[in-house]
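# Chains, contacts and geometry: an overview
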Number of protein chains: 2
Amino acid sequence: MQLGSRKLHILHAVVHDYISYGEPVGSRTIAKKYDMGISPATIRNEMSDLEEMGYLQQPHTSAGRIPSDKAYRLYVDKLMKTRKPTADEAERIERIYQQKTTEVDKIIEQVASILSDITSYTSVVLGPRLSKVLIRHIELIPIEGQYALLLVVTSAGIIKDTLIRIPDNIDIGYLERISNMLTKYYRNKTFAEVNINHAVDIQKEMMNQKEFINNVLDAFANNIASQNKGDIYLGGTANIFNFPEYQDIIKAREFLNLMENRDMLYNLLGRYDEEDVLIVIGTENEFNEMQDCSVVMGTYSIGDKILGTMGLIGPTRMEYSKAVSIMRYVGQIVSRHLTLLFKE
Amino acid sequence: MQLGSRKLHILHAVVHDYISYGEPVGSRTIAKKYDMGISPATIRNEMSDLEEMGYLQQPHTSAGRIPSDKAYRLYVDKLMKTRKPTADEAERIERIYQQKTTEVDKIIEQVASILSDITSYTSVVLGPRLSKVLIRHIELIPIEGQYALLLVVTSAGIIKDTLIRIPDNIDIGYLERISNMLTKYYRNKTFAEVNINHAVDIQKEMMNQKEFINNVLDAFANNIASQNKGDIYLGGTANIFNFPEYQDIIKAREFLNLMENRDMLYNLLGRYDEEDVLIVIGTENEFNEMQDCSVVMGTYSIGDKILGTMGLIGPTRMEYSKAVSIMRYVGQIVSRHLTLLFKE
DNA sequence: TGTTAGCACTCTCCCTTTATGAGTGCTAAT
DNA sequence: ATTAGCACTCATAAAGGGAGAGTGCTAACA
C-alpha cells in the first residue's frame, strides 16, 4: 500500500492532535478540526489502512487511534515543521550569559534547570567528559600538617583534586619542581593518555624521593585520571507528573527510579557526540526501561570540540519540534558561553 | 485529665502500630497484639480520653485512631526506645571510610545516598557551609592565553575557583607574589571575614598594577567569598512512593516539588547546627508545605567544628528510632572520616 | 467505681449492575 | 471512490448493595 499525500495529511493530524491532548484521536475529530474536505467515514477507511501499515494503533476497539513509534519517526523526519525559540524562550536561554560564576558545574546545573523549565520535560546534562578535556596545569599545594593537595586544572575549567601525604623533609620548592615537571609532561594530554610509566624525568627524580613520587603518581593516575565519568545534572524530574500517561503512580515511580539510575543515563547519553540533535523514540531506545519515553539529545562544545551531552526526556508524544528547537538553541548559547570563558 | 501509665501504654501501642502499618489502629488490635490484660472496651474508653486530650484523632467515625503530632512528640521525647544501628546497617555506613576520593562533594554525595538507602526515607545533605570553613591557601594559576585561575583551598578540602583576565605584562613570578600575599593575609579567616579593604600590603601593590589587583580582589570577594550557600545533595527522592499515604499522585507530586525547592531545604536545614539530633514533627515545621512530613536532622563536623547539616525527610509516622540511630551513626562516621582527611 | 459484654449504628471499601457515549466497521446508496 | 446509516464494542462513570471494621452507649458485673 502507498502512503499517499492524503494519508500523510491524516497521519500528521493524528500525531499533532495526540501530541497536544494525549487522547486517542477519532475520525470525527479530524474531520472537524483539520478541515480536509472529506467525511469521517473516508477518514476511517484511511485510518484503517494506516493501522494496517503500522502507523496507528487502537488501544481498544471503540477508541480512536494513537500513533505508533513508527509514526512519530515519520513525523519527526518528514512531517514536522521546524520551529524557532519564541522571544520569551530565547530570552530565558540567554540568561546563561549572565551567570557570574566560571565554575563549569554551576553553569551546567543552570543549563539543566533552564532546559526543564522551558520545555517542562525532564532534562539530563552530562558534565564535560574527562576524556575530551586537556590537562592544562598540575599543581601540588602544601596544606598545613603533612599534606599537599594535588590539583589538576583542565581546558574546560574543571578542577580535580586529591590529598597526598608528604614526608617531613620535603619543602615547598621541591613541590614546585614536581608540579612543573608534571605540568610540562602532561600538559595538553587527555586523562586517557596519562601513563605514569612514560614520565622519564619524573622517574629520575624518584631516586631521591622514591616513595613520595610514587605516591604522587599513583594518586594522579588512580584518584584523578581514572575517573572517566563526569557528573550528571538533572532538572525537572517532577515534570513527568504533568502528563496524563504518568498519572498512574506505578509508571511515575518507574520513571523516577529510572532517573536515579545514573549509570543508565550515562550510557544512554554518554556515547552520543554529534553536532546535530538526535531524537530517540520509544522502542528505538536500546534500554528496555526507557521504551515508553522519547529522548532528544544535543551537545555542547568549547570551540569545535564537543564536550558533553544534554538530553530531554518525555513521553513519546512529546512536542518534538519544541524540544528540538530549545535543545539546539541551548546548545548554541552554552557552547558560546563556555568558549568565551575557556577557549585558548 | 491525667496521663496515667495505662494511657501511656496505650498511646505507645497506637503510635507503634501506626508507624509500622500506616492504618488507623482499633481497640481490638491493641488488646490482641499488645496484650495488656484489659478488654477492648476499656481501651476504647481510654482512647476516647486520649482523643479528648489531643493525642489521638479519628479519620472518620468508624475507623480506628491515628496519633496526632502531639502524640509523636510525646513518643519521641518520652516513650521511644533508643536503638543502635544493626550490624548490617553499621557495615553499610562504614563504607564511607572506603571512599578513595578526597573530594568533599563526592563524599557528601555518597553520604546522601547511604542515608536514603538504609532508611528508605529521602535524604538531604548540605555541603560544608562556607561561613564555617577556613581559608587555607590562595593561588593564582596562569592558564594559557590571558587568563589565570584564582583558586581558594579551604580547611574542608573545598575548592572554589574563578577565572581572571591578566594583562600582557604580568609574569608568573608576579602572580606567585600576589598568591603569597593573599594567602598570608586571608589564611585562617572565614569567607565571612573577607574584607578586601583591609588588605594593606596588597593595596600597596596596587600602585604598579592597580587595575589587575582590583580585578583579583573583586573576583575574590564577589565570585568566591560571597557564595555563602553550599551545595545540596538529595538521595532517594523516589522513596516516598513506598508509603501508602503518598500513593495519591497529587501528594507525591507536591512532595517532589518540595524537594526541588532548594531554597526552602536550605532554609530548613541550614540554620541548624547543634551536635545532637533534632526531630521536627509535622506542624512543628515552620514551612507550611512540609507540615505533612517529619524531619530528622543531624550534623557532621571536622574536629569539633560543625560543618554541615543532614536531614531525613519522611511521613510523620516515620520510624523515628531508626532514623535517629542511623543519623547519629552516619554523623559520627562521616565526621571521623572528614577529620582524618582534613584536620590539621 | 472501674471493667466488660452486648448491641445498634456508622462509615469505608469493594463488588456488581446499569447507563452513557465515543468510536468503529460494515453495508448499501450515491 | 465517497459517504450516510446503523449495529456493535468497549471504557468510564454513576448507583446500589452487602461485608467488615470499629465505635459509643447501656447495662450487668466484680
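Since we're looking at a predicted model, the values are computed, not measured.

Below, the discussion takes up the protein's contact with DNA strand C. Taken together, 20 residues lie around DNA strand C, and S27 of chain A together with R6, T42, T61 and S62 of chain B are the ones closest in. At the protein interface, 75% of the atoms of DNA strand C within 4 Å belong to sugar or phosphate. Measuring from a phosphate oxygen of DNA strand C, one finds a side-chain N or O atom of R65 of chain A at 2.9 Å. Contact between DNA strand C and T42 of chain B: a phosphate oxygen at 2.3 Å from a side-chain N or O atom of the residue. Elements that contribute at least two residues to the surface near DNA strand C include exactly α3 (40-52) of chain A together with α3 (40-52) of chain B. The dominant element in the surface near DNA strand C, judged by the number of residues it contributes, is α3 of chain B, at 4 residues. Class assignment of the residues belonging to the surface near DNA strand C gives a composition of 4 nonpolar, 12 polar and 4 charged.

On to the pattern of salt bridges. Residue and element names in this part refer to chain A. According to the stated counting rule, one finds 34 salt bridges over all chains in the structure shown. In this structure, E46 and R6 form a salt bridge, with 2.7 Å as the shortest nitrogen-oxygen distance. With E46 in helix α3 and R6 in helix α1 (residues 5-21), this residue pair connects regions lying 40 residues apart in the sequence. Here E46 falls in the buried class, since its relative accessible area comes to 8%. In this structure, the salt-bridge partner of K7 is D49, at a minimum N-O distance of 3.3 Å. Of this pair, K7 sits in helix α1 while D49 sits in helix α3, placing them 42 residues apart in sequence. The class for K7 is buried, based on a relative accessible area of 9%. Through salt bridges that share partners, R6, K7, E46 and D49 make up one connected network.

Moving on, we get to the packing of aromatic side chains. All names here are of chain A. All chains considered together, the criterion is met by 10 aromatic pairs over all chains. Between Y121 and F243, the ring centres sit 5.6 Å apart and the planes meet at 10°, which makes this aromatic pair stacked. One end of the pair, Y121, is in the loop between α6 (104-119) and β3 (122-126); the other, F243, is in the loop between β7 (232-235) and α9 (249-260), and 122 residues separate them in sequence. One exposure class covers both Y121 and F243, and it is buried. Taken together through their ring pairs, the aromatic side chains of Y185, Y186 and F220 make up a single cluster. Here K70 stacks its cationic end above the ring of Y55, 4.6 Å away from the centre of that ring. The lysine or arginine in question, K189, covers the ring of Y185, its NZ or CZ lying 4.9 Å from the ring centre.

On to the protein's contact with DNA strand D. The environment of DNA strand D is made up of 20 residues, and the closest members are R6, T42, T61 and S62 of chain A together with S27 of chain B. Counting only the atoms of DNA strand D that lie within 4 Å of the protein, the sugar and phosphate share comes to 77%. Contact distances for DNA strand D include 3.1 Å between a phosphate oxygen and a backbone N or O atom of S39 of chain A. Here S62 of chain B contributes a backbone N or O atom positioned 3.4 Å from a sugar or linking oxygen of DNA strand D. Counting residues per element, the ones that place at least two in the surface near DNA strand D are α3 of chain A together with α3 of chain B. Among the elements that make up the surface near DNA strand D, the one with the highest residue count is α3 of chain A (4 residues). Grouping the amino acids of the surface near DNA strand D by side-chain chemistry returns 4 nonpolar, 12 polar and 4 charged.

Right, let's talk about the domain arrangement of chain A for a bit. For chain A, the assigned domains read domain 1 (5-79), domain 2 (87-129 + 230-342) and domain 3 (131-225). Here the C-alpha centroids of domain 1 of chain A and domain 3 of chain A sit 62 Å apart.

Take the pairing of strand β5 (residues 147-154) of chain B next. All names here are of chain B. Of all the 8 residues making up β5, 8 are buried; the element is thus mostly covered by neighbouring parts of the structure. Neither face of β5 is exposed, since Y147, L149, L151 and V153 on one face and A148, L150, V152 and T154 on the opposite face are all buried. Linking strand β4 (residues 135-143) back to β5 in an antiparallel pair, the connection comprises 3 residues, with G145 at a positive phi of about 75°. As judged from the 7 bridges shared by β5 and strand β6 (residues 159-165), these two strands associate in the antiparallel manner. Residue pairing for β6: A148 is matched across the bridge by I164.

Our focus in this paragraph is the sheet that holds strand β8 (residues 278-281) of chain B. Residues and elements named next belong to chain B. Across the sheet, which stays open at both edges, the 5 strands sit in the order β7-β3-β10-β9-β8 with antiparallel pairing between neighbours. Among the strands making up the open sheet, the edge pair consists of β7 (232-235) and β8. Between one strand axis and the next, the sheet turns by 20° as a mean value, whatever way the strands run.

Okay, the side chain of S325 of chain A next. Residues and elements named next belong to chain A. With respect to the secondary-structure elements, S325 resides in helix α11 (residues 320-342). A polar contact is formed between the side chain of S325 and the side chain of R83, at a distance of 2.7 Å. Ignoring anything within four residues of it in the chain, the contact list for S325 reads R83, K84 and P85.

What counts, and at which threshold
- Residues numbered from 1 in each chain as written.
- Chains lettered and ligands numbered in written order.
- Predicted model: local features only at pLDDT ≥ 70, side-chain atom pairs only at ≥ 80, totals over all residues.
- Heavy atoms only, no water.
- Near = heavy atom within 4 Å.
- Polar contact = N/O pair within 3.5 Å; in protein donor to acceptor, adjacent residues only side chain to side chain.
- Helix = DSSP H or I, 4+ residues; strand = E, 2+ residues; numbered from the N terminus.
- Nonpolar A, V, L, I, M, F, W, Y, C, P; charged D, E, K, R; others polar.
- Salt bridge = Lys/Arg side-chain N within 4 Å of Asp/Glu carboxyl O.
- Buried < 20%, exposed > 50% of the residue type's maximum accessible area, 1.4 Å probe, protein only.
- Phe/Tyr/Trp six-rings, centres within 6.5 Å; stacked < 30°, edge-to-face > 60°.
- Lys NZ or Arg CZ within 6 Å of the ring centre and 35° of its normal.
- Domains from an automatic or database assignment.
- Pairing = 2+ DSSP bridges.
- Axes fitted to C-alpha atoms, helices over the stretch in contact; angles between N-to-C directions.
- Contact = heavy atoms within 4.5 Å.

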